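Descriptive structure summary
Here are the chains, one letter per residue:
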Amino acid sequence: MATPWEDVLRDRAALREAAAVAVDAALLEGVLMRTEGEPNASDVVSYAPFTLLPSAVPSALFEQAYAVQQDFNLLVDAISQNKEFLEQTLASTIKVDDFTARLFRIYVQVLEEGLAQSVFLGINRSDYMFDCGADGTPALKQIEINTIAASFGGLTSRTPAVHGRVLRVLGKSKEASRLLPNNPSRGLALGIAKAWELYGSPSAVVMLLVEEEQRNIFDQRYVENELWNRNIRVIRRRFRDVFEKGSLDEARRLFMDGQEVAVVYYREGYVPKNYDQQNWEARLLLERSRAVKCPDIATQLAGTKKVQQELSRPGTLESLLPGCAEAVTRIRATFAGLYSLDVGEEGDKITAMAIADPDRFVLKPQREGGGNNLYGEELKQVLEKIRDSPERTSYILMDKIKPQPARNYLLRAHRPLQVSECISELGIFGVYVRHGKEMVMNKAAGHLLRTKAIEHADGGVAAGVAVLDTPYLV
Ligand code: ADP
Ligand code: MG
């Protein structure tokens, strides 16, 4: 997307002044993060990095992303209940990827014991880029769907106010009034509140399962506050606390420090480094419990890159969502090319194709959180090394999406003000609640726009690459 702010970008002095206003507005509005030096104290905090100017987003693609979100909610929920599909899809992956294998073992163990949980809560975020076609027309293409710990639904609710202020300072008050309000944290909290209510124990609490290092606590506080405002008690605990103090009673109700837990909302637990042996045991305890896990282990597995790749095979969506032809069409329209590297003829051909033309693809392991994918020369070298090894199957291959860059300024603490060529990634938050077999809530809860300089192939906000942004619909 070309920038809608050509005239503004020419006036360096005005931009400098606007940047100072922007940073103070971010602090005033609560676009906050703890510092790297003190990730577990709020005595001194800073602003979460963000763009000086809102970025252009084509309104048709924005609407398309919202329109397909309920379909994605249904799809993720269907996969989470389909043991055969998860087993078949992940069979080759769990042979070589230890982390996925451990998650899968817990999944099987919990199913064998029989599920104690009857209320299911999904909070996901489907991420997209605007792929620029040969004729210059942008198309909505999914990067991935995050089914665990999808973040920034809180902080992003405050960026329209910040960008509105910046545009006004720059003499663009008409444009400022066009920025859309957005509050994913409220929608997330409504889903959590519904699950809590269906759990049916008014004195039970919602537990956020949080990381050892909690720099992004303010993002989570937005959700917590919405719950407190509805008179739902919230506690924050780490895996370590669960290991030490968590217990199940004979009905597999979960207790923490003597309090019954109705909902466990994971903001942790999605990468190998989150787990030591004790944390794995804590995870198993939580999964065995009657508490509503957001997500349960099956839904976390539904969000793996391997599942994403399998969904793109002809016929797969149809078999997962029978009788939902329109939903299938809407979902499929967002898929980029995805390829399996499983051992066999098909995988051999794909590997050779990627080695011959590495700039066309992205190589993805089964990891989350940014900074794990391989591109270009590195992709080629790694594939050449593992082309004849089963290790190949721990990756999937994806067509590289190529958005049109636009100029913007990325505001970060202690960094000089400097223009960058940028691309953006749009995420839509989805929330759903299922009670037994019945879907009782299925919604799109808001959006997140993240923007990064084009020299970084990979990485999100938490990884220090992308920054928060606000869409300016064009
Ligand atoms: P993670 O789980 O680590 O967030 P993603 O699949 O979202 O993994 O990839 C991380 C980042 O890499 C994305 O935010 C995006 O910037 C970039 N990326 C991923 N897939 C593609 C792709 N197919 N084309 C271009 N960039 C991509
Ligand atoms: Mg991602």
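Note that the coordinates shown come from a computational prediction; the quantities given were computed from them, not determined experimentally.

Right, let's talk about the overall build of the chain for a bit. Of regular secondary structure, the chain possesses 18 helices and 21 strands. The C-alpha atoms of the chain give a radius of gyration of 22 Å, which matches the 23 Å a tight globule of 474 residues would have. For the chain, the spread of C-alpha atoms along the three principal axes comes to 65 × 55 × 45 Å. Taken over 474 residues, the chain has a buried fraction of 59%. For the chain, restricting intrachain contacts to residue pairs at least 6 apart in sequence, the fraction spanning at least 24 positions comes to 75%. Carbon and sulfur atoms make up 49% of the accessible area of the chain, which totals about 19300 Å². Separation of charge centres in the chain, based on 58 positive and 63 negative side chains, amounts to 3 Å.

Before going further, it helps to spend a moment on the pattern of salt bridges. Under the defined criterion, the tally for this structure stands at 33 salt bridges. Of the charged contacts, one joins Glu-29 and Arg-158 as a salt bridge, the two residues approaching to 2.5 Å between their closest N and O atoms. Here Glu-29 is found in helix α2 (residues 12-29), whereas its partner Arg-158 is found in the loop between β6 (138-146) and α7 (159-169), with 129 residues between them in sequence. For Arg-158, a relative accessible area of 27% puts it in the partly exposed group. Two residues, Glu-29 and Arg-165, come together in a salt bridge whose shortest N-O distance is 2.9 Å. With Glu-29 in helix α2 and Arg-165 in helix α7, the pair connects residues that are 136 residues apart, well separated along the chain.

Around ligand 1 sit 21 residues, and of these Lys-305, Lys-364, Gly-370, Glu-425 and Lys-452 come closest. Between Lys-364 and ligand 1, the recorded distance is 2.6 Å, taken from a side-chain N or O atom to an oxygen atom. In the model, an oxygen atom of ligand 1 is placed 2.6 Å from a nitrogen or oxygen of the Lys-452 side chain. Out of a free accessible area of 530 Å², ligand 1 has 95% covered by protein chains. For the shell around ligand 1, the elements supplying multiple residues, two or more each, are β6, β14 (361-365) and β16 (395-399). Looking at the shell around ligand 1 residue by residue, the class counts come to seven nonpolar, four polar and 10 charged. Domain assignment of the residues forming the shell around ligand 1 places at least three in each of domain 1 (8-336 + 401-473) and domain 2 (337-400).

The subject of this paragraph is the nonpolar core. Membership of the largest hydrophobic core comes to 66 residues, with the highest contact counts inside it found for Leu-52 and Leu-121. When neighbours within four sequence positions are excluded, Leu-52 is seen to be in contact with Leu-15, Ala-18, Ala-19, Ala-22, His-163, Val-166, Asn-408, Tyr-409 and Leu-411.

Taken together, the side chains of Asp-357, Asp-359, Glu-377 and Glu-384 make up a negatively charged region of the molecular surface. When its relative accessible area of 40% is taken as the criterion, Glu-384 is described as partly exposed.

Relative to the 16 Å expected for 12 residues at 1.5 Å per residue, helix α12 (residues 277-288) spans 17 Å between its end C-alpha atoms, a close match to the ideal helical length. For α12, every residue scored as buried is listed here: Asn-279, Trp-280, Ala-282, Arg-283, Leu-284, Leu-285, Leu-286 and Glu-287. With a side-chain oxygen positioned 3.2 Å from the backbone nitrogen of Gln-278, the residue opening α12 is Asp-276.

Next up on the list: the packing of helix α5 (residues 83-96) against helix α6 (residues 98-113). Two numbers describe how α5 lies on α6: the axes approach to 8 Å, and their chain directions differ by 145 degrees. Seen along the crossing, α5 lies across α6 with a hand that is left-handed. Every residue of α6 that contacts α5 at Lys-83, Leu-86, Glu-87, Leu-90, Thr-93, Ile-94 and Val-96 is listed here: Asp-98, Thr-100, Ala-101, Phe-104, Tyr-107 and Leu-111. The residue makeup of the contact of α5 with α6, split by class, is eight nonpolar, two polar and three charged.

Now for the UniProt feature "binding site: Mg(2+)" (unreviewed entry) in the chain. According to UniProt, the feature "binding site: Mg(2+)" (unreviewed entry) maps to Glu-144, Asn-146 and Glu-368 in the numbering used here. A compact arrangement is adopted by the annotated residues: their sequence extent is 225 residues, whereas the largest C-alpha distance between any two is 10.0 Å. Along the polypeptide, Glu-144 turns up in strand β6. When residues no more than four places from it in sequence are discounted, the contact partners of Glu-144 are Arg-125, Ser-126, Asp-127, Lys-305, Gln-308 and Glu-368. Following the sequence through the fold, Asn-146 ends up in strand β6.

Take the packing of aromatic side chains next. A complete count under the given rule lists 10 aromatic pairs for this structure. Both rings, one in Tyr-339 and one in Phe-361, keep their centres 5.8 Å apart while their planes meet at 85 degrees; by these two values the pair is edge-to-face. Of this pair, Tyr-339 sits in strand β13 (residues 338-340) while Phe-361 sits in strand β14, and the two are 22 residues apart along the sequence. There is no split in this pair, since Tyr-339 and Phe-361 are both buried.

On to the sheet that holds β14, then. Pairing is antiparallel in the open sheet, where four strands are placed in the order β13-β16-β14-β15. On the outer flanks of this sheet lie β13 and β15 (374-375), each paired with one strand and no other. Bridging between β14 and β16 involves five bridges; their strand directions are antiparallel. Within the sheet, the bridge partner assigned to Lys-364 lies in β16 and is Ile-396.

What counts, and where the lines are drawn
Residues numbered from 1 in each chain as written. Chains lettered and ligands numbered in written order. Predicted model: local features only at pLDDT ≥ 70, side-chain atom pairs only at ≥ 80, totals over all residues. Heavy atoms only, no water. Helix = DSSP H or I, 4+ residues; strand = E, 2+ residues; numbered from the N terminus. Rg over C-alpha atoms; globule rule 2.2 N^0.38 Å. Buried < 20%, exposed > 50% of the residue type's maximum accessible area, 1.4 Å probe, protein only. Contact = heavy atoms within 4.5 Å. Areas by Shrake-Rupley, 256 points an atom, 1.4 Å probe, with all protein chains shown as cover. Lys, Arg positive; Asp, Glu negative; His and termini not counted. Charge placed at Lys NZ, Arg CZ, Asp CG, Glu CD. Salt bridge = Lys/Arg side-chain N within 4 Å of Asp/Glu carboxyl O. Near = heavy atom within 4 Å. Polar contact = N/O pair within 3.5 Å; in protein donor to acceptor, adjacent residues only side chain to side chain. Nonpolar A, V, L, I, M, F, W, Y, C, P; charged D, E, K, R; others polar. Domains from an automatic or database assignment. Core = buried A, V, L, I, M, F, W, Y, C linked by side-chain atoms within 4.5 Å. Patch = residues over 30% accessible without salt bridge, like charges linked within 9 Å, V, L, I, M, F, W, Y side chains within 5 Å. Expected span 1.5 Å × (residues − 1). Axes fitted to C-alpha atoms, helices over the stretch in contact; angles between N-to-C directions. Left-handed = near helix turned anticlockwise from the far one by under 90°. UniProt positions renumbered as here; feature names shortened; annotations may be inferred. Phe/Tyr/Trp six-rings, centres within 6.5 Å; stacked < 30°, edge-to-face > 60°. Pairing = 2+ DSSP bridges.

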